[in-house]
Amino acid sequence: MKHGQEAFQAIAEGLEDALAFTRGEKARGHAHRVRARDVDVVATRERLGLSQAEFATAFGVSVSTVRNWEQDGGRQKARRWCFSP
């Protein structure tokens, strides 16, 4: 059982560090910004063979969000949703 307790403790400490970091205690965590390329939502969804509803479910967004991305070209908004902290 000791291994399970050690794993729990490590997870708990990580969560405490994450919360401290969000409060501004920068010494307890690190933030990394990643510049991602634009995402072509239509091409990605079609390549995966998913309907708009299936794509929305798979990525945890509403169907209306997927429709808006696709009508608007979707690239910039989708990139911000997927990769911004």
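Position labels on residues start from 1 in each chain and follow its written sequence. A pLDDT threshold of at least 70 governs which residues receive local features in this predicted model, and a stricter bar of 80 or more applies before side-chain atom pairs are shown or counted, although totals over entire chains, interfaces and linings include all residues. Values reported for side chains reflect all heavy atoms of the structure, with hydrogen atoms and water molecules removed beforehand.

Description of the confidence of the model for the protein
Where we set the bar: The predictor rates its confidence in each residue with pLDDT, a number between 0 and 100. Per the convention used, a helix needs a DSSP run of H or I reaching at least four residues, while a strand needs a run of E reaching at least two, with both numbered from the N terminus.
Looking at the protein, pLDDT values average 80 and 79% of them are 70 or higher. Confidence, expressed as mean pLDDT per element, reaches its minimum in the protein at helix α5 (residues 75–83) with 56 and its maximum at helix α3 (residues 52–59) with 93.

Focus on the packing of α3 against helix α4 (residues 63–71)
Here is the rule we go by: Axis geometry follows a simple rule: fit a line to the C-alpha atoms, using only the stretch in contact for helices, then measure angles between N-to-C directions, giving values from 0 to 180 degrees. Here the angle decides the label: under 35 degrees means roughly parallel, over 145 means roughly antiparallel, 65 to 115 means roughly perpendicular, and every other value means oblique. Left-handed describes a crossing whose near helix is turned anticlockwise from the far helix through less than a right angle; right-handed describes the clockwise counterpart. Any two residues whose heavy atoms approach within 4.5 Å at even a single point are treated as in contact. We call Asp, Glu, Lys and Arg charged. Ala, Val, Leu, Ile, Met, Phe, Trp, Tyr, Cys and Pro are nonpolar, and the rest, Gly among them, are polar.
For the pair α3 and α4, the least separation of the axes is 8 Å and the interaxial angle reads 110°. With respect to each other, α3 and α4 are oriented roughly perpendicular. Helix-helix and strand crossings are classified by hand; for α3 and α4 the assignment is right-handed. Residues Gln52, Ala53, Phe55 and Ala56 of α3 form the contact with α4, whose participating residues are Val63, Val66, Arg67, Trp69 and Glu70. Across the contact of α3 with α4, the residue classes tally to six nonpolar, one polar and two charged.

Some points on the packing of aromatic side chains
Applicable threshold: Two aromatic rings from Phe, Tyr or Trp, using only the six-membered ring of Trp, form a pair when their centres are within 6.5 Å; if the ring planes differ by under 30 degrees the pair is stacked, by over 60 it is edge-to-face, and anything between is tilted.
Scanning the model with the defined rule gives one aromatic pair in all. Relative to phenylalanine 59, the ring of phenylalanine 55 lies with its centre 4.6 Å away and its plane at 40°, an arrangement referred to as tilted. Of this pair, phenylalanine 55 and phenylalanine 59 both sit in helix α3, separated by four residues, roughly a single helical turn.

Side note on the pattern of salt bridges
Our working definition: Salt bridge, as used here: a side-chain nitrogen of Lys or Arg that lies within 4 Å of a carboxyl oxygen of Asp or Glu. Relative accessibility thresholds used throughout: buried, under 20% of the residue-type maximum; exposed, over 50%; partly exposed, between the two (1.4 Å probe, protein chains only).
Inspection of every chain in the model, using the stated rule, returns two salt bridges. The partner of arginine 23 in a salt bridge is glutamate 25, and the shortest N-O contact between them spans 3.5 Å. A salt bridge links glutamate 70 to arginine 45; the shortest N-O distance between them is 2.5 Å. With glutamate 70 in helix α4 and arginine 45 in helix α2 (residues 41–48), this residue pair connects regions lying 25 residues apart in the sequence. Summarising the burial analysis for this pair, glutamate 70 and arginine 45 share the class buried.

Things to note about α4
In plain terms, the rule: Our arc is simply the arc of the directions from the helix axis toward the C-beta atoms.
Residues of α4 that are buried: Val66, Trp69 and Glu70. Down the axis of α4, the buried side of the element spans an arc of 95°, and every buried residue falls inside it.

Observations regarding the nonpolar core
What counts, and what does not: Nonpolar core, defined: a set of buried Ala, Val, Leu, Ile, Met, Phe, Trp, Tyr and Cys residues in which side-chain atoms within 4.5 Å join the residues together.
Among the nonpolar cores identified, the biggest contains six residues, and these are Val41, Phe55, Ala56, Val61, Val66 and Trp69. Setting aside anything within four residues of it in sequence, one finds alanine 56 in contact with Val61, Ser62, Val63 and Val66.

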